[in-house]
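An overview of the molecular structure
Chain by chain, the residues run as shown.
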Amino acid sequence: MLRRITRLLLTVLLLAAMALPALAQENWFTLLFNSMSKEFVRVNADGTQETYRLSLPEDVFVGARAMAFSPDGSRVAFCTIEYGENGVNTTTLYVRDLAAGADLITRDLGSAIACRVTGNQNYSQLAVAMIRYYTGDPQADTSQSAWEIQMIDVISGETIRALNASSPAASVIDYRYGDSFLPYVFRLDAEGVLFGEVPYGTEFPPDFPTYHWQFDSDTLTPSQQPELLFSDYLESTGEMAWIAADASLPAGVPMGPMPSNNVVNVTDANGETRMVYYSPDWLLSSVVFMNGGERLMLQLFEPFDPNSADQTYDTRWIALDRQGSISELFSGATFIELKSAPGGYLAFYTTSQTLPATYQLEYYADGGIETLYTFESDVYGGWEVAYVTPPTFAENLPPFTAVNP
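My aim in this report is to walk through the structure given alongside it, one point at a time. (Residues numbered from 1 in each chain as written. Predicted model: local features only at pLDDT ≥ 70, side-chain atom pairs only at ≥ 80, totals over all residues. Heavy atoms only, no water.)

**Regarding the pattern of salt bridges**
Taken as a whole and assessed by the stated rule, the structure comprises nine salt bridges. For Glu39, the salt bridge is made with Arg53, and the minimal N-O distance between the two is 3.3 Å. On the criterion of sequence distance, the pair formed by Glu39 in strand β2 (residues 39–44) and Arg53 in strand β3 (residues 49–53) is long-range, its members being 14 residues apart. Residue class for Glu39 comes out buried when judged on its relative accessible area of 14%. Of the residues examined, Arg53 reaches a relative accessible area of 56% and is grouped as exposed. We note a salt bridge from Arg176 to Asp174, for which the minimum N-O separation is 3.2 Å. For Arg176, a relative accessible area of 38% corresponds to the partly exposed category. We classify Asp174 as partly exposed; its relative accessible area is 40%. (Salt bridge = Lys/Arg side-chain N within 4 Å of Asp/Glu carboxyl O. Helix = DSSP H or I, 4+ residues; strand = E, 2+ residues; numbered from the N terminus. Buried < 20%, exposed > 50% of the residue type's maximum accessible area, 1.4 Å probe, protein only.)

**Digging into a negative patch on the surface**
A surface patch of like charges, here negative, comprises Asp189, Glu191, Asp216 and Glu235. In this structure, Glu235 sits in the loop between β16 (231–234) and β17 (239–244). For Glu235, a relative accessible area of 43% gives the class partly exposed. (Patch = residues over 30% accessible without salt bridge, like charges linked within 9 Å, V, L, I, M, F, W, Y side chains within 5 Å. Areas by Shrake-Rupley, 256 points an atom, 1.4 Å probe, with all protein chains shown as cover. Lys, Arg positive; Asp, Glu negative; His and termini not counted. Charge placed at Lys NZ, Arg CZ, Asp CG, Glu CD.)

**Considering the pairing of strand β14 (residues 210–214)**
Where strand β13 (residues 192–198) lies against β14, five bridges are found, and the strand directions are antiparallel. From the neighbouring strand, Gly192 faces β14, where its bridge partner is Gln214. In this sheet, strand β15 (residues 219–222) lies alongside β14 in antiparallel orientation, the contact comprising four bridges. Along β15, the bridge assignment pairs Trp213 with Leu220. (Pairing = 2+ DSSP bridges.)

**Examining the sheet that holds β17**
Taken in spatial order, the four strands of this open sheet run β16-β17-β18-β19, and their pairing is antiparallel. At either margin of the open sheet sits one strand with a lone partner, and together these are β16 and β19 (273–278). Strand-to-strand twist of the sheet, defined as the mean angle between neighbouring strand axes without regard to direction, takes the value 20 degrees. For β16 and β17, the ladder comprises four bridges, and the chain directions are antiparallel. In the sheet register, Ser231 faces β17, and the bridge partner there is Trp242. (Axes fitted to C-alpha atoms, helices over the stretch in contact; angles between N-to-C directions.)

**A closer look at the state of the cysteines**
Counted under the stated rule, the structure contains one disulfide. Residue pairing for Cys79: its cysteine sulfur links by disulfide to Cys115, the two sulfurs lying 2.1 Å apart. Separated by 36 residues along the polypeptide, Cys79 in strand β5 (residues 75–82) and Cys115 in strand β8 (residues 114–119) bring together distant segments of the chain. Of the two residues, Cys79 and Cys115, neither departs from the other in class, the shared state being buried. (Disulfide = S-S within 2.5 Å.)

**Remarks on unusual backbone geometry**
In this structure, the amide linkage connecting Leu355 to the following residue, Pro356, adopts the cis form with an omega of 0 degrees. Secondary-structure assignment places Pro356 in the loop between β25 (344–350) and β26 (357–365). We note that Asp218 has phi near 50 degrees; this positive angle belongs to a residue other than glycine. With a relative accessible area of 41%, Asp218 lands in the partly exposed category. The backbone of Asn291 shows a phi angle near 55 degrees, a positive value even though the residue is not glycine.

**Here we look at the packing of aromatic side chains**
On inspection of all chains with the given rule, the structure shows 22 aromatic pairs. Each ring, one from Phe186 and one from Phe208, has its centre 6.3 Å from the other, and the planes form 15 degrees; the classification is stacked. Here Phe186, found in strand β12 (residues 182–188), pairs with Phe208, found in the loop between β13 and β14; they are 22 residues apart in sequence, far enough to count as distant. In this structure Phe186 comes out as partly exposed when scored by relative accessible area, which is 22%. Ring centres 4.9 Å apart and planes at 65 degrees place the aromatic pair Phe375 and Trp383 in the edge-to-face group. The pair Phe375 / Trp383 is uniform in exposure class, with both members buried. These aromatic residues form a ring-pair network of at least three members: Phe29, Phe33, Phe40, Phe69 and Tyr387. Just above the ring of Phe29 sits the side chain of Arg42; from NZ or CZ to the centre is 3.6 Å. Directly above the aromatic system of Tyr184 lies the positively charged group of Arg116, at a separation of 3.8 Å from the ring centroid. (Phe/Tyr/Trp six-rings, centres within 6.5 Å; stacked < 30°, edge-to-face > 60°. Lys NZ or Arg CZ within 6 Å of the ring centre and 35° of its normal.)

**A few points about a nonpolar patch on the surface**
On the surface, Val253, Met255 and Phe304 cluster together into a nonpolar patch covering about 260 Å² of accessible area. Examined against the element boundaries, Met255 turns out to sit in the loop between β17 and β18 (263–267).

Just geometry here; none of it tells us what the structure is for.
Here you go:
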């Protein structure tokens, strides 16, 4: 582990020693979130910070991955669940103005055991997905559906439409993994919601069904797109980038219960899919568009080595451009998050092995590196990057170059 950390630190020091260009100080920012203290730290492009605290009970958990942010990052929508007796919980939807510290909406959603919020592009509507109880729970209030998606107007807080197990449209659902699931919303637009039938509280199965809820006809259409779980969508081009396990090609051995993803595919707006990257050893775990869609950011895990008894596992991030060229972005064996940012990308990490942990937020752009924020925390892993100002979309982009391994 020490060897890995030393190598990471040397890489950072070497980059810091480079002659830095005048990095663009655009009006963008990122929000870091601490799920334990329930506070956001806004870090601006010039390194200045502001702290926004959520006024919530201490025993309520809120995670950034279940939140929906307005495009400008000024507002956030999320659910809280306060667990009560006899399986009756209190689920509340909040829409909050962060800088003002004011709740614009507080809405009682009834009893649920999990809730996730997704917003549309202009943040006028929210898709609030809930699982209300496990089927077979003797304390469950079966007068309600076990799962539900409510479409909520952001201004009024009122429900515009809803979909649940009792809806006529839901007759097409095959309940492959049981009657109780948390609808995992991947995409929300003016036409409808694209969501997955994902069993709650377990690993994501490789073949979970997906559906398109079409608003105009109030119907569900099976979409058969399980690859959505490991995907990113570029609205400006209509492209979807996704990773998959191609059993016809060699792949590395995973270190645990994770898929042997070894290829990156891109499906264009016309529905044509091409393989754009192949890894015969390191295992792909995520793909994200970066630089306004000019490149893809790929995360890879080191494969299992049966000949190494004390193996520590590195994580790498690389960038793939549309011509097929690869650039190494970052690597390390500790807590690290990489996020696309205007003009480059952010690295948020700690190399601390004991508490308090020292966290660092760095901005990489134009071959240079700038440290935006360094702080100590008594929480290890409780921090995450919740939001980054979206970059401007690039125009007239060529297709990604196909590969044929």
